Amino acid sequence: MLEIGQVVAGPTAGLIFSDLGFRVIKIENPNGGDISRKLTGSSSGTFEYYNRGKESIALDFRTDTGKKYWKA
């Protein structure tokens with residue numbers, strides 16, 4: 001399954017699928033990734049918690065490289 005969500009809602013859905021045994025690939029923006037990577041304080045573990053068990057790749061589908069990757 002491909003996941004393109006950020007912060008909590010999308011990653012929670014992906015986490016459920018991952019826990020059920022699906023292969024989940026998180027697609028992140030190459031310019032900094034998921035914004036929850038930068039959270040601090042009591043929210044600092046958000047990214048690690050909601051994205052455990054997933055693979056990830058930084059990809060921009062608007063670029064020629066991103067379009068070629070998607071069609072592969």
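Here, the structure is the one placed above.
This is a predicted model, so every value here is computed, not measured. (Residues numbered from 1 in each chain as written. Predicted model: local features only at pLDDT ≥ 70, side-chain atom pairs only at ≥ 80, totals over all residues. Heavy atoms only, no water.)

Colleague: Got a sec to walk through the overall build of the chain? Specific residues and values, please.
Modeller: Of regular secondary structure, the chain possesses three helices and three strands. When the helices and strands of the chain are listed from N to C terminus, the series reads β-α-β-α-β-α. Seen through its C-alpha atoms, the chain measures out along the principal axes to roughly 40 × 30 × 15 Å. Each of the 72 residues in the chain was classed as buried or not, and the buried ones make up 28%. Across the chain, every contact between residues at least 6 apart in sequence was considered, and the portion connecting residues at least 24 apart equals 57%. As displayed, the chain offers around 4900 Å² of accessible surface, 58% of which is attributable to carbon and sulfur atoms. Taking the average location of the 10 positive side-chain charges in the chain and that of its 8 negative ones, the two points are 5 Å from each other. (Helix = DSSP H or I, 4+ residues; strand = E, 2+ residues; numbered from the N terminus. Buried < 20%, exposed > 50% of the residue type's maximum accessible area, 1.4 Å probe, protein only. Contact = heavy atoms within 4.5 Å. Areas by Shrake-Rupley, 256 points an atom, 1.4 Å probe, with all protein chains shown as cover. Lys, Arg positive; Asp, Glu negative; His and termini not counted. Charge placed at Lys NZ, Arg CZ, Asp CG, Glu CD.)

Colleague: For unusual backbone geometry, give the residues involved together with the corresponding values.
Modeller: In the Ramachandran plot, Val7 falls in the positive-phi region, its phi being about 65 degrees despite a non-glycine side chain. Locating Val7 in the fold gives a position in the loop between β1 (2–3) and α1 (9–19). The class of Val7 is partly exposed, set by a relative accessible area of 28%.

Colleague: Tell me about the environment of Phe61, and please be specific about residues and values.
Modeller: Looking at where Phe61 falls in the secondary structure, it is placed in the loop between β3 (55–58) and α3 (64–71). The exposure class assigned to Phe61 is partly exposed, which follows from its relative accessible area of 32%. For the pair formed by Phe61 and Ile27, sequence separation is 34 residues and the distance between their alpha carbons is 10.0 Å.

Colleague: Pulling in residues and values, what's your account of the pattern of salt bridges?
Modeller: As enumerated under the stated definition, the model contains seven salt bridges in all. One salt bridge in this structure joins Glu3 and Lys54, with 2.6 Å as the shortest N-O distance. With Glu3 in strand β1 and Lys54 in the loop between α2 (46–50) and β3, this pair connects stretches of sequence that are 51 residues apart. Note on Glu3: relative accessible area 3%, which makes it buried. Taking the shortest distance from any N to any O, the salt bridge between Arg37 and Glu28 comes out at 2.8 Å. Residue Glu28 is classed as buried on the basis of its relative accessible area, which comes to 6%. Salt bridges sharing common partners tie together Glu3, Lys26, Asp34 and Lys54. (Salt bridge = Lys/Arg side-chain N within 4 Å of Asp/Glu carboxyl O.)

Honestly, that's just the spatial picture; any functional story needs more than this.
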